[in-house]
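Observations on the model geometry
Here is how the chains run, residue by residue.
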Amino acid sequence: MRWAPENMAEALEPEKKRRRIEELTDKMAVDGGCGDTGDWEGRWNHVKKFLERSGPFTHPDFEPSTESLGFLLNTCKILVLGAGGLGCELLKNLALSGFQQIDVIDMDTIDVSNLNRQFLFRPKDVGRPKAEVAAEFINSRIPGCNVTPHFKKIQDFDETFYKQFHIVVCGLDSIIARRWINGMLVSLLNYEDGALDPSSIIPLIDGGTEGFKGNARVILPGMTACIDCTLDLYPPQINFPMCTIASMPRLPEHCIEYVRVLQWPKEQPFGDGVTLDGDDPEHIQWVFHRALERAAQFKITGVTYRLTQGVVKRIIPAVASTNAVIAASCATEVFKLASSAYNPLNNYLVFNDVDGLYTYTFEAERKDNCFACSPVTQKLQFPSSAKLQDVLDFLKETSSLQMKTPAITTTMNGKNKTLYLQTISSIEERTRPNLSRTLKELGLTDGQELAVADVTTPQTVLFKLHFTS
Ligand SMILES: [Zn+2]
């Protein structure tokens with residue numbers, strides 16, 4: 001059983017439902033238990049208010065029921081990706097909203113610098129896997145909640161694993177990982193005679209934060225814009241315009257950038273060719289003092305040693321309150337989808353509290369030729385005289401593709417042929433000469449299919465080569 005507005009409510013047949021509730025009552029009743037869910041009296045009153053009565057904003061098809069709570073508590077399986085700043089918040093919010101079957105994947109261990117905001121962790125946990133400590137904390141603190149931790153990469157699991165969940169929530173800091181899980185959920189869709197089978201949809205709720213900015217979005221794979229549909233929204237790297245840095249600085253960051261980009265290469269303070277090392281305190285001291293001088297010249301305040309190091313090392317500070325806002329809205333969307341009681345966010349929420357407070361929602365649109373969620377074969381248009389290197393650069397640099405280490409293979413005379421593969425050094429060496437060959441020299445023809453594998457997607461992407469004259 002997977003998500004679709006109609007089948008969520010019918011998740012359990014009446015007889016099964018009754019038996020499950022009875023079992024649960026026997027197993028979980030504690031002193032003062034109220035019977036129907038096996039918990040103490042009033043435990044889920046806050047949740048029941050949404051499930052057992054309708055209101056002006058409930059979904060037109062929603063039927064209030066005293067049985068929906070059982071679905072949330074016992075049947076609905078949620079997967080949380082990431083147990084960091086967003087992940088800790090998400091786990092706490094979901095568990096307190098009644099979700100009791102939660103899995104969490106995180107490949108990181110706890111660092112002392114996490115403790116100010118990743119509140120499920122204590123100093124004694126430093127060095128231990130985040131997923132495990134987070135699960136232990138939630139399970140011991142929230143009776144009945146069953147968080148299963150996975151100290152692994154999301155790529156370590158296959159589709160059978162992902163298929164078991166009703167909803168996936170992301171609190172990831174990596175775009176590659178987001179794109180990968182997005183591709184995985186798209187690959188699970190079933191089409192019958194070209195029509196999408198709604199029960200094959202696993203909704204993806206994605207939260208992201210960067211300093212004082214954040215976003216939350218609801219993705220119904222195959223129906224609404226996916227991560228790759230909106231890839232242009234992730235700029236490769238935020239840089240300050242050179243004219244601002246050079247002639248009209250307004251922020252302390254501009255002064256630091258000025259020293260980093262212009263003054264350091266010109267003055268070579270630590271000898272010719274010595275590059276600025278963000279971990280060398282003497283280097284940072286030098287930049288800090290020059291940045292202070294420049295700031296004084298333009299009457300700008302706020303240049304500190306810490307900020308200098310942050311700008312030089314491109315550190316974006318994590319802000320606990322931003323995580324709290326974004327995780328709360330993601331958890332709310334999970335609740336809306338799982339209960340089918342309310343319309344989900346449509347579909348992209350922007351939050352910003354850099355200058356005061358700002359929120360905005362808009363409907364991100366699907367891209368007809370999205371290479372992750374559109375079923376059409378992608379076209380690659382090149383003259384036959386183009387080199388394989390040009391194709392590789394195109395795959396990496398086009399804003400709608402942004403691949404990292406694409407491996408290109410094709411079929412020639414019935415045999416698989418690797419044209420270029422970067423991730424295994426012996427194959428890279430063997431296929432490197434192909435990069436400087438033209439498509440024609442490689443024996444490729446108009447209409448030839450190229451299969452491209454990359455870390456950003458679990459599926460090989462097929463491209464059709466079209467020669468332009
Ligand atoms: Zn898409």
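Residues numbered from 1 in each chain as written. Predicted model: local features only at pLDDT ≥ 70, side-chain atom pairs only at ≥ 80, totals over all residues. Heavy atoms only, no water.

Description of helix 6 (residues 130-141)
With 12 residues, helix 6 extends 16 Å from end C-alpha to end C-alpha; this agrees with the ideal 16 Å at 1.5 Å per step. Those residues of helix 6 not exposed but buried are Lys-130, Ala-131, Val-133, Ala-134, Ala-135 and Ile-138. Of the surrounding elements, those touching the buried residues of helix 6 are helix 5 (85-96), strand 2 (101-105) and strand 3 (146-150). (Helix = DSSP H or I, 4+ residues; strand = E, 2+ residues; numbered from the N terminus. Expected span 1.5 Å × (residues − 1). Buried < 20%, exposed > 50% of the residue type's maximum accessible area, 1.4 Å probe, protein only. Contact = heavy atoms within 4.5 Å.)

So, the sheet that holds strand 15 (residues 457-468)
Pairing in this open sheet of five strands is mixed, and the strands run 11-15-14-12-13 from one edge to the other. The two strands at the open ends of the sheet, each matched to only one other strand, are strand 11 (378-383) and strand 13 (415-420). Each strand of the sheet is rotated relative to its neighbour by a mean of 35°, with strand direction disregarded. In the sheet, strand 12 (residues 407-412) pairs with strand 14 (residues 449-454) via four bridges, with the strands oriented antiparallel. (Pairing = 2+ DSSP bridges. Axes fitted to C-alpha atoms, helices over the stretch in contact; angles between N-to-C directions.)

Topic: the side chain of Lys-130
Its location among the elements puts Lys-130 in helix 6. Of the buried charged residues, Lys-130 lacks a salt bridge, with Asp-108 as the closest side chain of opposite charge at 4.1 Å. Not counting chain neighbours up to four residues away, the residues in contact with Lys-130 comprise Ala-83, Gly-84, Asp-106, Asp-108, Thr-109, Ile-110, Asn-114, Gln-118 and Phe-121. (Lys, Arg positive; Asp, Glu negative; His and termini not counted. Salt bridge = Lys/Arg side-chain N within 4 Å of Asp/Glu carboxyl O.)

Structural notes on the coordination of the zinc ion
For the zinc ion, every protein donor is listed as Cys-226 (SG), Cys-229 (SG), Cys-370 (SG) and Cys-373 (SG), and the spread of their distances is 2.2 to 2.3 Å. One way to put it: the four donor atoms around the zinc ion meet at angles of 99 to 118°, and that makes the site tetrahedral. All donors of the zinc ion belong to a single chain; written as a sequence motif, their spacing is C-x2-C-x140-C-x2-C. Cys-229 carries the same exposure label as Cys-226, and that label is buried. (Donors = N, O, S within 2.8 Å, 3.2 Å for Na, K, Ca; no water. Tetrahedral: all angles 85-135°; square planar, octahedral: opposite > 155°, others 65-115°.)

Focus: the sheet that holds strand 4 (residues 167-171)
The sheet built from eight strands is open, its strands ordered 3-2-1-4-7-8-9-10 with mixed pairing. One side of each edge strand has no neighbouring strand; the edge strands of this open sheet are strand 3 and strand 10 (358-362). Along the sheet, successive strands turn relative to each other by an average axial angle of 15°, direction set aside. Here five bridges tie strand 8 (residues 213-219) to strand 9 (residues 348-352), and the two strands are oriented antiparallel to one another. Bridged to Arg-217 within strand 9 is Tyr-348. The strands touched by helix 13 (residues 320-339) are strand 1 (77-81), strand 4, strand 7 (204-210), strand 8 and strand 9; relative to strand 7, the strand with the most contacts, the crossing angle is about 175°.

Some words on the pairing of strand 13
Every other side chain in a regular strand lies on the same face of the sheet, so the side chains alternate between the two faces. In this sheet, strand 13 lies alongside strand 12 in antiparallel orientation, the contact comprising five bridges. Among the inter-strand pairings, Thr-409 is bridged to a residue of strand 13, identified as Thr-418. Remark: two residues form the turn of the hairpin made by strand 12 and strand 13, two consecutive strands paired antiparallel; Asn-413 in that turn has positive phi of roughly 50°.

Some words on the packing of helix 11 (residues 281-297) against helix 12 (residues 305-312)
Relative orientation and spacing of two packed helices are given, respectively, by the angle between their axes and the distance between those axes. Axis separation between helix 11 and helix 12 bottoms out at 9 Å; the angle between their running directions is 105°. Taken together, the axes of helix 11 and helix 12 are roughly perpendicular relative to one another. Seen from helix 11, the contacting residues are Pro-281, Ile-284, Gln-285, Val-287 and Phe-288; seen from helix 12, they are Tyr-305, Thr-308, Gln-309 and Val-312. Classifying every residue of the contact of helix 11 with helix 12 by side-chain character gives six nonpolar, three polar and no charged. (Parallel < 35°, antiparallel > 145°, perpendicular 65-115°, else oblique. Nonpolar A, V, L, I, M, F, W, Y, C, P; charged D, E, K, R; others polar.)

Comments concerning the pattern of salt bridges
Evaluation of the coordinates by the stated rule reveals 11 salt bridges. Lys-163 is the partner of Glu-159 in a salt bridge, and the nearest nitrogen-oxygen pair spans 3.7 Å. Within this pair, Glu-159 and its partner Lys-163 are both found in helix 7 (residues 159-163), separated by four residues, close to a single helical turn. Residue Glu-159 is classed as partly exposed on the basis of its relative accessible area of 37%. With its nearest N and O atoms 2.9 Å apart, the salt bridge here joins Arg-179 to Asp-228. Here Asp-228 lies in the loop between strand 8 and helix 9 (242-247) and Arg-179 lies in helix 8 (residues 175-187), a separation of 49 residues in the sequence. One exposure class covers both Arg-179 and Asp-228, and it is buried.

Let's talk about the UniProt feature "active site" (unreviewed entry) in the protein
The UniProt record annotates "active site" (unreviewed entry) at Cys-243. Position of Cys-243 relative to the elements: it lies in helix 9. For Cys-243, a relative accessible area of 44% puts it in the partly exposed group. (UniProt positions renumbered as here; feature names shortened; annotations may be inferred.)

Concerning helix 8
Look at helix 8: 18 Å from first C-alpha to last across 13 residues, which is about the 18 Å you get at 1.5 Å a residue. Most of helix 8 sits out of view: 10 of its 13 residues are buried. Every buried residue of helix 8 is accounted for by Ala-177, Arg-178, Arg-179, Trp-180, Ile-181, Asn-182, Gly-183, Met-184, Leu-185 and Val-186. Capping the start of helix 8 is the job of one residue whose side-chain oxygen sits 3.3 Å from the backbone nitrogen of Ile-176: Ser-174. (Polar contact = N/O pair within 3.5 Å; in protein donor to acceptor, adjacent residues only side chain to side chain.)

Observations concerning the environment of Gly-127
Inspection of the secondary structure puts Gly-127 in the loop between strand 2 and helix 6. Residues Gly-127 and Asn-413, 286 residues apart in the sequence, show an inter-C-alpha distance of 53 Å. Excluding residues within four positions of it along the chain, Gly-127 makes contact with Thr-109 and Ile-110.

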